[in-house]
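What the coordinates show
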Amino acid sequence: MIVIGIAGPSCSGKTSVTNHLAHVLGASTLHLDRYHMKDCKRPIVNGQESYERPEQYNHIEMLNDYKKLPEQNYVILEGFLLFTYPKLLEQCHYKFLINLPYEIQKERRLSRSIAKDNIFTNGRSKNAEVGFLAHGHEEWLNFGEKQKNVCDMVLDGTSPVPDNVKNILNFIGVHHVS
């Protein structure tokens, strides 16, 4: 089983690339966002609660779910801080980070976060979105940016999703997918 890891800042295209790649490869996916702990401690950063810390995700549960997957050719693990967890990092045969300038992250995040009754269309609370604007980039620099040091390739989050998928396929040596 070949495990592909995809990390990157908020709105960089991680999930879009993961889902497209999974479709092409017939791979299972596990998304770190699914393992966010709702009742965890949220430190105050720049006056807002932070939702952007490694200790706020149950990476051990994600690892356990990965180990329960049936044998298959490919699995894709995806998440904001995926490579900050050594036990998940060591599972990945290939590691990709999708990079995106903060101004574009912010623009994308706001465009998909239209509020209605204090709940945004992306399912996040108003507090999470206000918090991201207050400290999302700072938290990425503190906890996420260092993931570039362990990845095999940095992808451009401004590139179209199919282009990034093609770059991954080329890197891992998959040139013909049936």
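Residues numbered from 1 in each chain as written. Predicted model: local features only at pLDDT ≥ 70, side-chain atom pairs only at ≥ 80, totals over all residues. Heavy atoms only, no water.

1. Side note on the confidence of the model for the protein
Summing up the model confidence of the protein, the mean pLDDT is 84 and the portion of residues at 70 or higher is 82%. Scored below 50 in pLDDT, residues 115–119 shows six contacts in the model against residues more than four places distant or in partner chains. (pLDDT = per-residue confidence, 0-100. Contact = heavy atoms within 4.5 Å.)

2. Describing the pattern of salt bridges
A full pass over the atoms with the stated rule returns three salt bridges. Across the pair Arg 34 and Asp 65 runs a salt bridge, and its minimum N-O distance is 3.2 Å. Placement of the pair is Arg 34 in the loop between strand S2 (28–31) and strand S3 (44–45) and Asp 65 in helix H2 (residues 59–68), with a sequence separation of 31 residues. Asp 65 gets classed as buried once you look at its relative accessible area, which sits at 18%. Connected via shared salt-bridge partners are Arg 34, Asp 65 and Lys 68. (Salt bridge = Lys/Arg side-chain N within 4 Å of Asp/Glu carboxyl O. Helix = DSSP H or I, 4+ residues; strand = E, 2+ residues; numbered from the N terminus. Buried < 20%, exposed > 50% of the residue type's maximum accessible area, 1.4 Å probe, protein only.)

3. Brief notes about the packing of helix H1 (residues 14–25) against helix H6 (residues 161–172)
For the pair H1 and H6, interaxial distance at closest approach is 9 Å and the crossing angle is 55°. With respect to their mutual orientation, H1 and H6 come out oblique. As H1 packs across H6, the resulting crossing turns out to be right-handed. Residues Ser 16, Val 17, His 20, Leu 21, Val 24 and Leu 25 of H1 touch H6, and the partners they reach there are Val 161, Pro 162, Asn 164, Val 165, Ile 168, Leu 169 and Ile 172. (Axes fitted to C-alpha atoms, helices over the stretch in contact; angles between N-to-C directions. Parallel < 35°, antiparallel > 145°, perpendicular 65-115°, else oblique. Left-handed = near helix turned anticlockwise from the far one by under 90°.)

4. Digging into H2
Among all positions in H2, only Met 62, Leu 63, Asp 65 and Tyr 66 are buried. All buried residues of H2 project into a common sector of 160° when viewed along the axis, lining one side. Turned more than 90 degrees away from the buried face of H2, the exposed residues are Lys 67 and Lys 68. Summarising the contacts, the buried residues of H2 are in contact with strand S1 (2–7), S2, strand S5 (74–79) and helix H3 (86–89). (Arc of directions from axis to C-beta.)

5. Regarding the packing of aromatic side chains
Under the defined criterion, the tally for this structure stands at two aromatic pairs. Between Tyr 94 and Phe 171 the ring centres are 6.1 Å apart and the planes differ by 85°, which places this aromatic pair in the edge-to-face class. A residue pair is termed long-range when its members are at least 10 positions apart, and Tyr 94 in strand S6 (residues 94–99) and Phe 171 in helix H6 qualify at 77 residues. For Tyr 94, a relative accessible area of 22% puts it in the partly exposed group. (Phe/Tyr/Trp six-rings, centres within 6.5 Å; stacked < 30°, edge-to-face > 60°.)

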